[in-house]
Each structure stands twice: as structure tokens, then as C-alpha cells.
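Letter by letter, the chains look like this.
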Amino acid sequence: SVAASVITIDGPAASGKSSIARLVAQRLGRTYVNTGNMYRAMTWAVLQAGVDPKNADAVRAAAADVVIESPVVEGKIQICISGRTLTDAELNSDLVNRAVSLIASVGEVRDRLVADQRALAATGPLVMEGRDIGSVVFPDSPHKIYIDASEEVRASRRGAQGLTDQIAERDRMDKERKNSPLVIPAGAIVIDNSHITLEEAVDQVIAALQLT
Ligand code: CDP
Ligand code: CDP
Ligand code: CDP
């Protein structure tokens with residue numbers, strides 16, 4: 001059904017996906033799911049275990065031991081590792097930014113998190129945002145959006161947040177990887193928000209979805 005179907009939002013780093021997805025979910029009364037935070041939490045746990053993120057076998061072994069939960073609390077998803085909710089500072093740290101694309105390229109890590117993401121659809125109507133939500137997680141969704149912005153604009157937006165982040169390098173790895181690379185999903189509506197405000201982008205997404 002339209003009401004139950006997941007609105008998928010994908011796009012490159014710092015394109016505005018999370019801000020737009022959060023506001024779209026708020027307007028439509030849906031739960032907002034940031035899947036990047038799931039990959040970030042897994043990365044945080046693997047680094048905490050002292051594992052070299054370049055060593056895929058060691059990453060696989062460490063990730064298998066991680067207890068990750070994503071409960072819905074007051075219409076928002078929380079990410080807990082071994083029962084502890086990670087802070088935004090932990091999820092967005094420099095160390096996590098540098099390692100997350102390596103961890104997210106490991107097929108076994110993706111299989112687990114994708115299963116968790118699909119299970120969340122049973123909790124109610126969602127807006128889910130990431131890199132492969134329209135292409136791999138919910139390919140049958142009739143409501144797919146791809147958010148883009150120029151590399152210049154994305155770098156300056158991330159810089160304005162006071163965060164160090166090699167977004168060009170992360171995008172390259174996310175687009176070139178074998179497992180679930182970042183693509184414009186078949187059937188997705190592309191919205192470039194380089195030169196519009198957040199509110200204008202949200203309006204465009206809601207209009208494009210034609211929900212009524
Ligand atoms: O917010 P930002 O766009 O910088 O990144 P994010 O959405 O938090 O995602 C962090 C990283 O997780 C991405 O660079 C991808 O490597 C990975 N990711 C993924 O592989 N698949 C997803 N569905 C979401 C994130
Ligand atoms: O989730 P993602 O990394 O794609 O981007 P974000 O964290 O939602 O957005 C990065 C920054 O750009 C935030 O500070 C947004 O408020 C800002 N932004 C903006 O100024 N204008 C837009 N049209 C979209 C996002
Ligand atoms: O059937 P219902 O609409 O209640 O929900 P569901 O079967 O749990 O599917 C929820 C969302 O997953 C919808 O957006 C479906 O379009 C999507 N879906 C998908 O894209 N591919 C699948 N293989 C299964 C579900």
C-alpha cells in the first residue's frame with residue numbers, strides 16, 4: 001500500500017539527505033531512518049575493537065561480534081552498540097569518517113544492516129535515507145528520491161558544520177565499490193539542491209512524491 005511503502009532517499013555525502021529526509025518525515029508523520037548512522041555505529045565498534053579497517057577479514061570477524069540495535073524511540077531511530085546509544089560526536093568523528101566507507105564495502109556487514117533496515121518497515125511508515133535504499137534495500141518502492149548537489153556546495157556545507165570530512169574520497173569509494181554502489185536508483189526522481197534552501201528542497205520532494 002502507498003501508506004506502508006517506504007520513501008527512499010539516496011545521494012552523495014553532504015548533499016542534504018539527512019536534513020531533507022528528517023523534515024519530510026516530520027511533515028508526513030513518518031519515522032525517519034538514517035542508515036548512514038548504522039554504518040557509522042558499526043565502524044565505531046570495529047575501531048573500538050582495535051581492528052585495522054583495511055583488513056576485511058578482521059573487520060568481518062569483529063563485526064560479527066558487534067551487538068547493534070536500532071529501536072524506534074519517539075518517531076526517531078536510535079542506534080545502540082551493546083546497549084549504549086552512541087552520541088552524534090561519536091558517530092561523526094574524524095576517525096569514523098575516515099574508516100566508514102571501508103567498513104561499508106564489506107558484504108557481510110551490509111547483509112546484516114540491510115536485514116535490520118527491511119525489518120524496520122514493519123514498525124510503520126518510514127522515510128529511509130542512505131546510499132542503496134532505493135536500489136537494494138527497497139527496490140520495489142514507488143517513492144524514490146535521489147538528492148544531489150555540486151561537489152563545491154557539498155564541501156562548503158560540510159565545512160560550515162565545522163567537520164573535517166574527505167567527502168570526495170568517500171564518494172569515490174561508495175560509487176566504485178562492488179557491493180551496492182551509490183547509483184541513481186531505477187525510477188528515482190533526482191532533485192539537485194545546490195542552489196535552493198532546505199525548505200525549498202523539502203517542498204520539491206513532497207511535490208515530486210505525489211502522495212495523494
Ligand atoms: O551524512 P553523510 O552523507 O556524510 O554520510 P552517511 O549517510 O552518514 O554515510 C556514511 C557512510 O556510510 C557512507 O559514506 C557510506 O560508505 C556508508 N553508507 C552505505 O554504504 N550505505 C548506506 N545505506 C548508508 C551509508
Ligand atoms: O545527510 P547529508 O550528509 O547528505 O547532508 P546534511 O547533513 O543533511 O546537510 C549538510 C548541511 O547542509 C547541513 O548543515 C544542512 O543544513 C545544509 N543544507 C543547506 O544549507 N541547504 C540545503 N538545501 C541542504 C542542506
Ligand atoms: O506490504 P506492505 O506495503 O505492508 O509492506 P512491506 O511488504 O513490508 O514493504 C514495505 C516496503 O518495502 C514497501 O515500500 C515496498 O515497496 C518495499 N519492498 C521492496 O521494495 N522490495 C521488496 N522485495 C519488498 C518490499
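About the cut-offs
- Residues numbered from 1 in each chain as written.
- Chains lettered and ligands numbered in written order.
- Predicted model: local features only at pLDDT ≥ 70, side-chain atom pairs only at ≥ 80, totals over all residues.
- Helix = DSSP H or I, 4+ residues; strand = E, 2+ residues; numbered from the N terminus.
- Rg over C-alpha atoms; globule rule 2.2 N^0.38 Å.
- Buried ≥ 20, exposed ≤ 12 C-beta atoms within 10 Å, placed from the backbone.
- Contact = placed C-beta atoms within 7 Å.
- Near = placed C-beta within 6 Å.
- Nonpolar A, V, L, I, M, F, W, Y, C, P; charged D, E, K, R; others polar.
- Expected span 1.5 Å × (residues − 1).
- Arc of directions from axis to C-beta.
- UniProt positions renumbered as here; feature names shortened; annotations may be inferred.
- Pairing = 2+ DSSP bridges.

**Observations concerning the overall build of the protein**
Link 1 in the chain: Assigned secondary structure in the protein consists of 10 helices and 10 strands.
Link 2 in the chain: Against the globule reference of 17 Å for 212 residues, the protein gives a C-alpha radius of gyration of 16 Å, in line with a compact fold.
Link 3 in the chain: Across its three principal directions, the C-alpha atoms of the protein cover 50 × 40 × 30 Å.
Link 4 in the chain: Across the 212 residues that make up the protein, the buried fraction comes to 40%.
Link 5 in the chain: Within the protein, counting contacts between residues at least 6 apart in sequence, those at least 24 apart form 76% of the total.

**Brief notes about the site of ligand 1**
Link 1 in the chain: Residues in close proximity to ligand 1 total 17 residues, the closest being Gly 36, Tyr 39, Ala 104, Gly 130 and Arg 131.
Link 2 in the chain: For the shell around ligand 1, the elements supplying multiple residues, two or more each, are α1 (17-28), α2 (35-48), α5 (94-104) and α9 (167-176).
Link 3 in the chain: In terms of residues, the shell around ligand 1 owes the most to one element, α2, which gives 4 residues.
Link 4 in the chain: Its residues assigned to classes, the shell around ligand 1 comprises 6 nonpolar, 5 polar and 6 charged.

**Topic: helix α6 (residues 107-120)**
Link 1 in the chain: With 14 residues, α6 ought to run about 20 Å at 1.5 Å a step, and its terminal C-alpha atoms sit 20 Å apart, in line with that.
Link 2 in the chain: If you check which residues of α6 are buried, you get Val 109, Arg 110, Leu 113 and Gln 117. All buried residues of α6 fall inside an arc of 90° around its axis, so they share one side. For α6, the exposed residues set more than 90 degrees away from the buried face come down to Asp 111, Ala 115 and Ala 119.
Link 3 in the chain: In this fold, the buried residues of α6 make contact with α2, α3 (56-64), α5, β8 (126-130) and α7 (133-137).

**Side note on unusual backbone geometry**
Link 1 in the chain: With a phi angle near 60°, Ala 14 is a residue other than glycine that sits in the positive phi range.
Link 2 in the chain: Note on placement: Ala 14 falls in the loop between β1 (7-10) and α1.

**Topic: the UniProt feature "binding site: ATP" (unreviewed entry) in the protein**
Link 1 in the chain: Mapped onto this numbering, the UniProt entry annotates "binding site: ATP" (unreviewed entry) at Gly 11, Pro 12, Ala 13, Ala 14, Ser 15, Gly 16, Lys 17, Ser 18 and Ser 19.
Link 2 in the chain: Its place among the elements puts Ser 15 in the loop between β1 and α1.
Link 3 in the chain: In this structure Ser 15 comes out as buried when scored by C-beta crowding, with 28 C-beta atoms within 10 Å.
Link 4 in the chain: Beyond its immediate stretch of four places on either side in the chain, Ser 15 contacts Ile 147, Asp 148, Ala 149 and Arg 154.
Link 5 in the chain: Taking the number of C-beta atoms within 10 Å as the measure of exposure, Ser 19 has 16 and is therefore partly exposed.

**So, α2**
Link 1 in the chain: For α2, with 14 residues, the first-to-last C-alpha span of 20 Å sits near the 20 Å given by 1.5 Å per residue.
Link 2 in the chain: Counting buried positions along α2 gives 11 out of 14 residues, so the element sits mostly inside the fold.
Link 3 in the chain: Along α2, the residues classified as buried are Thr 35, Asn 37, Met 38, Tyr 39, Arg 40, Ala 41, Met 42, Thr 43, Trp 44, Ala 45 and Val 46.
Link 4 in the chain: Phi turns positive one or two residues past the end of α2, at Gly 50, with a value near 80°.

**Observations concerning the UniProt feature "domain: Cytidylate kinase" (unreviewed entry) in the protein**
Link 1 in the chain: The UniProt feature table records "domain: Cytidylate kinase" (unreviewed entry) at residues 7-209.
Link 2 in the chain: Helix makes up 50% of residues 7-209 and strand 16%, and the two end C-alpha atoms of the span are 9 Å apart.

**Let's talk about the sheet that holds strand β6 (residues 80-81)**
Link 1 in the chain: Taken together, 3 strands build an open sheet; the order of strands is β3-β6-β7 and the sheet is antiparallel. One side of each edge strand has no neighbouring strand; the edge strands of this open sheet are β3 (68-69) and β7 (84-85).

**Description of the pairing of strand β9 (residues 144-148)**
Link 1 in the chain: In terms of burial, β9 is largely enclosed, as 4 of its 5 residues are buried.
Link 2 in the chain: As paired elements, β1 and β9 share 3 bridges and run parallel to each other. In the strand pairing of β9, Asp 10 is matched with Tyr 146.

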